[in-house]
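An overview of the molecular structure
As a plain string of letters, each chain reads:
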Amino acid sequence: MRDALGSVQSVLVLGGTSEIAQAVVRRLVADRVRTVVLAARDVARAEPAAAELRSGGATFEVVELDVTRLETHRDVIDAAFDRHGDLDVVLVAAGALGRGGDDQLDDAAELMLVNATGPISCVVPAVERLRRQGHGSLVVLSSVAAERPRASNYAYGASKAGLDAFARGLGDVLRGSGVDVMVVRPGFVRTRMTRHLDAAPLSVDADTVAEAVVDGLRRRAAIVHVPAAMRWVMLVLRLLPGAIFRRLPI
Amino acid sequence: VTAAPALLSGWGRTAATRATLVRPASVDALREALLAVDGRGAVARGLGRAYGDAAQNGGGTVLGLDRLDRLERFDADAGEVVAEAGLSLERLLRTVVPLGFFVAVTPGTRHVTVGGAIAADVHGKNHHRDGSFSRHVRWLELLTPDGRVRRLEPSDPLFGATAGGMGLTGVITRAALRLLPIRTGDMRVTTERGRDLDEVVALLEAGDREARYSVAWVDCLAGGDRLGRGVVMLGDHAEPGDRDAAGPPAFAPASRLGIPVQAPAKLLNTWTARAFNAVWFAKAPRRRREHRESLGAFFHPLDGVRDWNRLYGRTGFVQYQFVVPFDRADVLRSTLERLGRERIGSFLAVLKRFGPGTGLLSFPMPGWTLAMDIPANVPGLPGVLDALDEQVAGAGGRVYLAKDSRASGRLLGRMYPELDRWRALQRECDPGGVMRSDLARRLGLTGEPAA
């Protein structure tokens with residue numbers, strides 16, 4: 001159960017090898033979390049993280065989940081809830097960055113599947129279970145890229161925008177159900193996924209994102225930008241006329 | 001029977017969950033509703049005055065008892081009433097005060113039900129003398145998940161598991177309560193300031209020997225040599241011959257002000273708390289003074305403001321109440337010091353001495369109890385309260401389950417040494433685990449893994 005101060009006791013992670021997700025779990029375990037289910041495509045890669053986290057005294061389970069295999073999602077999600085009872089947080093962290101640049105045209109359809117269709121397909125059965133238990137938080141890792149497409153990664157931005165819009169709409173629908181939805185929009189996060197890129201201004205590390213997620217859960221925030229200043233940066237960028245926006249070195 | 005989905009939270013307005021709220025109008029309908037619950041179980045709810053998640057059951061059934069509110073019998077000779085569990089102390093008082101009786105124990109609000117008062121085994125300002133609510137229950141009737149209604153007297157072990165059992169042994173349906181005869185509707189109140197914690201403690205110790213009712217309000221934001229300064233209030237029911245000629249018993253609380261809308265979440269903060277506490281202290285008489293107060297003003301001052309919990313805004317508040325044995329009064333000081341250091345302010349911190357306890361999970365035990373209302377959005381609060389919990393448990397004390405909304409189940413066994421006995425009795429009358437609440441889930445109260 002989530003408590004009055006926003007501490008939670010159990011979490012299901014979709015995309016268990018995500019560095020951000022693991023940083024979130026580490027923080028939650030240091031607080032009250034005693035049950036963690038990591039769902040990952042590559043179980044072997046999630047195991048070391050699980051082993052480290054297990055030493056903290058919590059119950060850990062790693063299960064296989066391929067977000068591109070839509071027909072498998074309901075069984076994986078239902079099994080996690082059936083085995084562990086109530087799950088207070090479902091964290092959607094699966095995703096890929098794609099190659100960017102001119103390769104985007106080739107990657108776009110695949111990115112939509114990995115970052116939008118797949119995660120949404122997982123969210124549907126997860127939200128059914130959260131509604132049935134009458135409480136819980138769905139946390140969706142989106143990106144500032146969802147707010148305005150940039151030439152360098154518009155395919156990625158488009159996929160995150162799809163997931164982001166779906167999650168926000170769902171959050172509105174779920175008001176009064178005891179279930180809330182939080183959309184997290186980090187800027188540039190320095191992780192394995194972005195190692196090959198030059199860090200952008202206002203870049204953060206995975207743990208800073210994790211801190212913002214845990215804080216957002218306490219506040220029951222609907223949208224969290226990381227760093228917080230990104231909210232205003234993106235507000236300005238969204239309002240810029242295209243002629244100026246296209247000339248920006250971003 | 002009416003049944004409708006409802007998003008329910010406690011008085012602190014935190015961590016709401018959705019349940020099916022069923023409001024039966026008879027015990028038969030209640031039994032039917034209890035026998036029909038699904039795997040997510042059920043718990044009874046009265047007027048929702050528990051601060052945390054005690055009367056919530058996410059995804060399951062919540063049995064609202066507000067329609068089971070008949071006062072079935074009044075026996076003036078025995079000074080006793082038989083009431084259905086959903087009857088509020090407010091309505092009970094309106095009936096019995098003009099007849100010359102008061103409830104033997106009342107908490108700081110009269111908007112609680114008889115069933116809730118037993119399930120939380122509530123206490124009042126007379127605990128040092130009269131014990132908690134359940135001590136004045138001659139018998140109670142408990143609907144257990146098998147559909148039986150059992151009449152339990154205090155000698156029955158299940159009575160001890162039900163009084164203070166947070167609704168997890170079954171649903172209390174009716175009870176026989178012993179009342180306190182009174183001869184006027186007034187209180188004779190003595191008010192005195194204490195300049196620091198030692199003085200407040202000494203005044204309460206002395207006051208408990210002379211007065212039936214005693215309580216101190218403590219300014220938890222005063223530091224240095226004023227740490228723990230406060231105002232001690234002692235009270236007794238006035239007699240007809242007293243000074244200022246008390247009138248016949250009457251109970252007519254003034255019409256209530258209301259808080260119509262939710263306040264901004266940051267309205268009650270350290271600064272407003274500091275100002276409020278300073279004013280409260282300053283308005284108390286400098287020297288010991290005796291005066292008269294109505295029953296309502298003395299016992300239920302906050303009931304004068306309807307929905308005052310909305311003042312804490314969207315994020316709500318927690319009430320932190322603990323008790324420590326008499327020889328560990330040092331914990332009071334270190335708690336106030338810690339909160340002062342962290343600049344965590346409470347609008348009303350209430351200090352009181354308890355006498356002996358009652359039920360297996362009842363909160364009161366001989367010692368000092370301190371209660372504080374704190375906005376839930378105060379940064380750093382979770383860690384500070386966790387540290388205070390450790391300190392309380394280490395001192396042989398406990399936190400109050402009816403107020404709790406954030407403790408960890410880890411310390412439960414240390415705080416409540418009779419927990420295993422209670423669990424055994426609970427399991428005996430609810431082997432299928434039908435009685436469930438968010439509180440029970442969060443703390444792992446009935447022994448299932450905390451989930």
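Above this text sits the structure in question.
Note that the coordinates shown come from a computational prediction; the quantities given were computed from them, not determined experimentally. (Residues numbered from 1 in each chain as written. Chains lettered and ligands numbered in written order. Predicted model: local features only at pLDDT ≥ 70, side-chain atom pairs only at ≥ 80, totals over all residues. Heavy atoms only, no water.)

Take the nonpolar core next. Of all hydrophobic cores here, the largest spans 119 residues; its most connected members are Phe322(B), Leu351(B) and Leu445(B). In this structure, Leu351(B) is in contact with Leu197(B), Val200(B), Leu204(B), Val215(B), Ala216(B), Val218(B), Leu332(B), Trp368(B), Thr369(B) and Leu370(B), ignoring residues within four places of it in sequence. (Core = buried A, V, L, I, M, F, W, Y, C linked by side-chain atoms within 4.5 Å. Buried < 20%, exposed > 50% of the residue type's maximum accessible area, 1.4 Å probe, protein only. Contact = heavy atoms within 4.5 Å.)

All names here are of chain A. One open sheet accounts for seven strands, arranged 3-2-1-4-5-6-9; its pairing is parallel. The open sheet has two edge strands, strand 3 (59–64) and strand 9 (223–226), and neither has a second partner. Ignoring which end each strand starts from, the neighbouring axes of this sheet average 15 degrees apart. Bridging between strand 1 (residues 10–14) and strand 4 (residues 89–92) involves four bridges; their strand directions are parallel. In the sheet register, valine 11 faces strand 4, and the bridge partner there is valine 89. Those strands touched by helix 5 (residues 154–173) are strand 5 (136–141), strand 6 (179–186) and strand 9, and its axis lies near 150 degrees from that of strand 6. (Pairing = 2+ DSSP bridges. Helix = DSSP H or I, 4+ residues; strand = E, 2+ residues; numbered from the N terminus. Axes fitted to C-alpha atoms, helices over the stretch in contact; angles between N-to-C directions.)

The next thing to look at is the side chain of Arg148(A). All names here are of chain A. Mapped onto the elements, arginine 148 comes out in the loop between strand 5 and helix 5. Buried within the structure, arginine 148 lacks any salt-bridge partner; glutamate 147 is the closest side chain of opposite charge, at an N-O distance of 10 Å. From its side chain, arginine 148 meets the backbone oxygen of leucine 240 in a polar contact 2.6 Å long. Excluding residues within four positions of it along the chain, arginine 148 makes contact with Met234, Leu237, Arg238, Leu239, Leu240, Pro241, Gly242 and Phe245. (Lys, Arg positive; Asp, Glu negative; His and termini not counted. Salt bridge = Lys/Arg side-chain N within 4 Å of Asp/Glu carboxyl O. Polar contact = N/O pair within 3.5 Å; in protein donor to acceptor, adjacent residues only side chain to side chain.)

Attention shifts here to the pattern of salt bridges. Residues and elements named next belong to chain B. Within this structure, the stated rule accounts for 52 salt bridges over all chains. The partner of glutamate 210 in a salt bridge is arginine 288, and the shortest N-O contact between them spans 3.2 Å. Residue glutamate 210 is located in helix 6 (residues 197–210), and its partner arginine 288 is located in the loop between helix 7 (270–283) and strand 15 (289–294); the two are separated by 78 residues in the primary sequence. Residue glutamate 418 is joined to arginine 421 by a salt bridge in which the shortest nitrogen-to-oxygen separation is 3.5 Å. According to the relative accessible area criterion, glutamate 418 is partly exposed, its value standing at 33%. When salt bridges that share partners are traced, they join Arg70, Glu72, Glu84, Glu141, Arg151 and Arg174 into one network.

Another aspect to go through is the interface of chain A and chain B. If you look at the interface, chain A gives 19 residues, while chain B gives 25 residues. Together chain A and chain B conceal approximately 1800 Å² of surface at their shared face, both sides included; 56% is due to carbon and sulfur atoms. Linking chain A with chain B are three salt bridges. One salt bridge connects Arg40(B) with Asp86(A), and the closest N-O pair in it is separated by 2.7 Å. The tally of links from chain A across to chain B stands at nine residue pairs in polar contact (both at pLDDT 80 or more). Elements with a contribution of two residues or more to the side of chain A that touches chain B: helix 4 (104–133) and helix 6 (206–219) of chain A. Split by residue class, the side of chain A that touches chain B holds three nonpolar, eight polar and eight charged. (Buried area = accessible area lost by both parts, 1.4 Å probe. Nonpolar A, V, L, I, M, F, W, Y, C, P; charged D, E, K, R; others polar.)

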